[in-house]
Amino acid sequence: MDFEFASPVKIVQRTARDFARQAVAPLVPGMEETGKFPRPLIRQMAEVGLLGLVTPKKYGGSELGYLARTVALAEISKVSAAVGMSLQVHHMQAAALLDWASKEQKDEYLPRLCRGEYLGTVAVTEPTGGSDLLGMATTARPERGGYLLNGSKCFITNAHLSGAPMIVAKTGEGSRGLSAFIVEKGAPGFVPGRNEHKMGMRGADTGELFFKNCRDPASGLMGDEGEGMKAALKTISEVGRPGMAAVALGILEASYDEALKFSKSRTLYGKPIANLQAIQWHVADIMVDLEATRLLCYRASWLKDRGRPDAATAMTMAKVYATEAACRASRKALEVHGGCGTMMEYAVQRLWRDAMVCVSAGGTTEIGKIVLSRAALN
Ligand SMILES: Cc1cc2nc3c(=O)[nH]c(=O)nc-3n(C[C@H](O)[C@H](O)[C@H](O)COP(=O)(O)OP(=O)(O)OC[C@H]3O[C@@H](n4cnc5c(N)ncnc54)[C@H](O)[C@@H]3O)c2cc1C
């Protein structure tokens, strides 16, 4: 067993770390304040290769794979989980296109995603409930050589930053009754709604999409009619869940650093609070959660890079553990800070708010546990 990264992964890690410190960190206060994603960052992420990590070279990507992606997402999320989440969803649409799109669709959309013309989007969730995929109400009715879309999506990452989101809609009944579409921004009847006002992940764009008699040409269908459920589930489980796990890993790393820094600098009873056993226990708990998360995330990505069938289970495990661990660790880091932890000028309160958002984005812990118990019991 070799725990050393190969050289290309080390380069990606260094590039993402430098980019996060230099280009992302100065934007964090503004994102917290306004709740808006800074659009110029999209092109900048493209320039350093972050947008095309899982896309083949022939479409403008680097094809470095999922371990490189995990490491990059963690580095970005250590500085801004909101930017990490936006980037991970971008990779979701790229991966979905690779798996399900026609040659023409791949030729058209993958280079645009790599160039940073816009951020990728995968719109599945509706007000009827994200966990209940088959309960969705958005319909796509065949009409005059295309489809007529009606309905709405909510909680969609990059909703206002996308040029051509992937939309899952009903074309029939049951699990073969969902289909996936690419809908161009500006298509008549396609209207983005509000940008949500969130407790955490403030800089990530999370919004609604409305379809009112929106006409999508037949060329917008991704894969065959009826393959939407498979496309959504594969993309969520094999790209979305490990992506959110990597974002949570970044939050854990930042929580660990903040807890260490504060416990060494804050003095009580004439000594740094790092001398207090209760503080040492908090630090040790965060340390164990961080290392366990790291190993789960790296192993899951390693399995995915090798096309192993057990990758999806490993990724769900990583998602469930990492997001819950990020909540525990950021809360402990916050407690180490005492009252200071609740003050907005300390990063640790943001880490805790962001960690809480990670639990439902990409599928909740409860749904993750259902998936895992099915894998174990079947
Ligand atoms: C910041 C953010 C970004 C997001 N980005 C996207 C995106 O880009 N694209 C997208 O399509 N969606 C996105 N989502 C939606 C996300 O996938 C859903 O929030 C998630 O799937 C849960 O759906 P819900 O919020 O409707 O909760 P519900 O499905 O209503 O669930 C409510 C509660 O019931 C529990 N529950 C549901 N079913 C079961 C069950 N069978 N057994 C036990 N408990 C159950 C859930 O775990 C949860 O605790 C995002 C969400 C957030 C918060």
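As shown above, the structure is provided for reference.
Reading the values: the criteria
- Residues numbered from 1 in each chain as written.
- Predicted model: local features only at pLDDT ≥ 70, side-chain atom pairs only at ≥ 80, totals over all residues.
- Heavy atoms only, no water.
- Phe/Tyr/Trp six-rings, centres within 6.5 Å; stacked < 30°, edge-to-face > 60°.
- Helix = DSSP H or I, 4+ residues; strand = E, 2+ residues; numbered from the N terminus.
- Buried < 20%, exposed > 50% of the residue type's maximum accessible area, 1.4 Å probe, protein only.
- Lys NZ or Arg CZ within 6 Å of the ring centre and 35° of its normal.
- Expected span 1.5 Å × (residues − 1).
- Bend = angle between axes of the 7 residues up to and from the residue.
- Salt bridge = Lys/Arg side-chain N within 4 Å of Asp/Glu carboxyl O.
- Arc of directions from axis to C-beta.
- Core = buried A, V, L, I, M, F, W, Y, C linked by side-chain atoms within 4.5 Å.
- Contact = heavy atoms within 4.5 Å.
- Near = heavy atom within 4 Å.
- Polar contact = N/O pair within 3.5 Å; in protein donor to acceptor, adjacent residues only side chain to side chain.
- Areas by Shrake-Rupley, 256 points an atom, 1.4 Å probe, with all protein chains shown as cover.
- Nonpolar A, V, L, I, M, F, W, Y, C, P; charged D, E, K, R; others polar.
- Domains from an automatic or database assignment.
- Axes fitted to C-alpha atoms, helices over the stretch in contact; angles between N-to-C directions.
- Parallel < 35°, antiparallel > 145°, perpendicular 65-115°, else oblique.
- Left-handed = near helix turned anticlockwise from the far one by under 90°.

Participant: How should the packing of aromatic side chains be read in this particular structure?
Facilitator: Each aromatic ring pair is characterised by the separation of its centres together with the angle its planes make. Under the criterion given, the structure shown has four aromatic pairs. Summarising the aromatic geometry, the rings of F190 and F211 are spaced 5.0 Å apart at their centres and angled 10 degrees between planes, so their arrangement reads as stacked. Of the two residues, F190 sits in strand β6 (residues 190–195) while F211 sits in strand β7 (residues 206–217), which places them 21 residues apart along the sequence. Judged by relative accessible area, which is 9%, F190 ranks as buried. A cation over an aromatic ring shows up here: R328 above the ring of Y321, its NZ or CZ 5.4 Å from the ring centre.

Participant: Can you walk me through helix α7 (residues 228–265) in this structure?
Facilitator: Across its 38 residues, α7 extends 53 Å between first and last C-alpha, which sits within 8% of the 56 Å expected from 1.5 Å per residue. Along α7, the sharpest change in direction is near 35 degrees and occurs at I236.

Participant: I'm lost on the pattern of salt bridges in this one. Help?
Facilitator: Pairing of side chains with opposite charge becomes possible as their charged atoms draw close. Under the counting rule described, the total for this entry stands at 25 salt bridges. Across the pair K332 and D285 runs a salt bridge, and its minimum N-O distance is 3.2 Å. In this pair, K332 sits in helix α9 (residues 311–336) while D285 sits in helix α8 (residues 277–305), placing the two residues 47 residues apart along the sequence. When its relative accessible area of 22% is taken as the criterion, K332 is described as partly exposed. Judged by its relative accessible area of 36%, D285 falls in the partly exposed class.

Participant: I keep staring at helix α1 (residues 7–24) and nothing clicks. Help me out?
Facilitator: An α-helix turns once per 3.6 residues; consequently, residues spaced three or four apart project the same way. Here α1 is 18 residues long and its end C-alpha atoms lie 24 Å apart, about the 26 Å a rise of 1.5 Å per residue gives. For α1, the set of buried residues is V9, V12, Q13, A16, F19, A20, A23 and V24. Take α1 and look down its axis: the buried residues cluster within an arc of 145 degrees, on one side only. Among the exposed residues of α1, those pointing more than 90 degrees away from its buried face are R21 and Q22.

Participant: Looking at this structure, I do not really get the nonpolar core. What am I missing?
Facilitator: Note on soluble globular proteins: their nonpolar side chains tend to be buried together. Counting 70 residues, the largest nonpolar core has M45, L50 and M201 as the members making the most contacts within it. Setting aside chain neighbours within four positions, we find M45 in contact with F19, F37, L50, L51, V83, L87 and L119. Core analysis: the next-biggest nonpolar cluster, separate from the first, contains 31 residues, V54, Y66, Y118 and V124 among them.

Participant: Just checking my understanding: could you explain the environment of M244 for this structure?
Facilitator: Locating M244 in the fold gives a position in helix α7. Accessibility expressed as a relative area gives 1% for M244, which makes it buried. As a C-alpha pair, M244 and A361 span 117 residues in sequence and 7.4 Å in three-dimensional space. Setting aside residues up to four positions removed in sequence, M244 forms contacts with M85, Q88, M201, K319, T323, C358, A361 and G362.

Participant: Hey, could you run me through the site of the ligand in this one?
Facilitator: Neighbouring the ligand are 21 residues, the closest being T125, G130, S131, T364 and E366. Interatomic distance of 2.8 Å between a backbone N/O atom of V122 and a nitrogen atom of the ligand. Within the side chain of T125, a nitrogen or oxygen atom sits 2.6 Å from a nitrogen atom of the ligand. In the complex, the protein chains occlude 65% of the 970 Å² of accessible area that the ligand would expose alone. Counted by class, the shell around the ligand contains ten nonpolar, nine polar and two charged residues. Here the shell around the ligand gathers at least three residues from each of two domains, domain 2 (122–228) and domain 3 (230–377).

Participant: What's the story with the packing of α8 against α9 in this structure? I'm lost.
Facilitator: The description of two helices packed together rests on the angle between their axes and the distance between the axes. The N-to-C vectors of α8 and α9 enclose an angle of 160 degrees; their axes lie 8 Å apart at closest approach. Our classification of the angle between α8 and α9 gives roughly antiparallel. Crossing hand, α8 versus α9: left-handed. Of the residues assigned to the contact of α8 with α9, the class counts are 18 nonpolar, two polar and seven charged.

Participant: I tried to follow the packing of α9 against helix α11 (residues 365–377) on my own but got confused; where do I start?
Facilitator: The geometry of α9 relative to α11 is characterised by a closest axis approach of 9 Å and an angle of 145 degrees between their N-to-C directions. Crossing geometry of α9 relative to α11 is assigned as left-handed. Across from T313, T316, M317, V320, T323 and E324 in α9, the residues of α11 making contact are T365, G368, K369, V371, L372 and A375. Broken down by class, the residue content of the contact of α9 with α11 amounts to five nonpolar, five polar and two charged.

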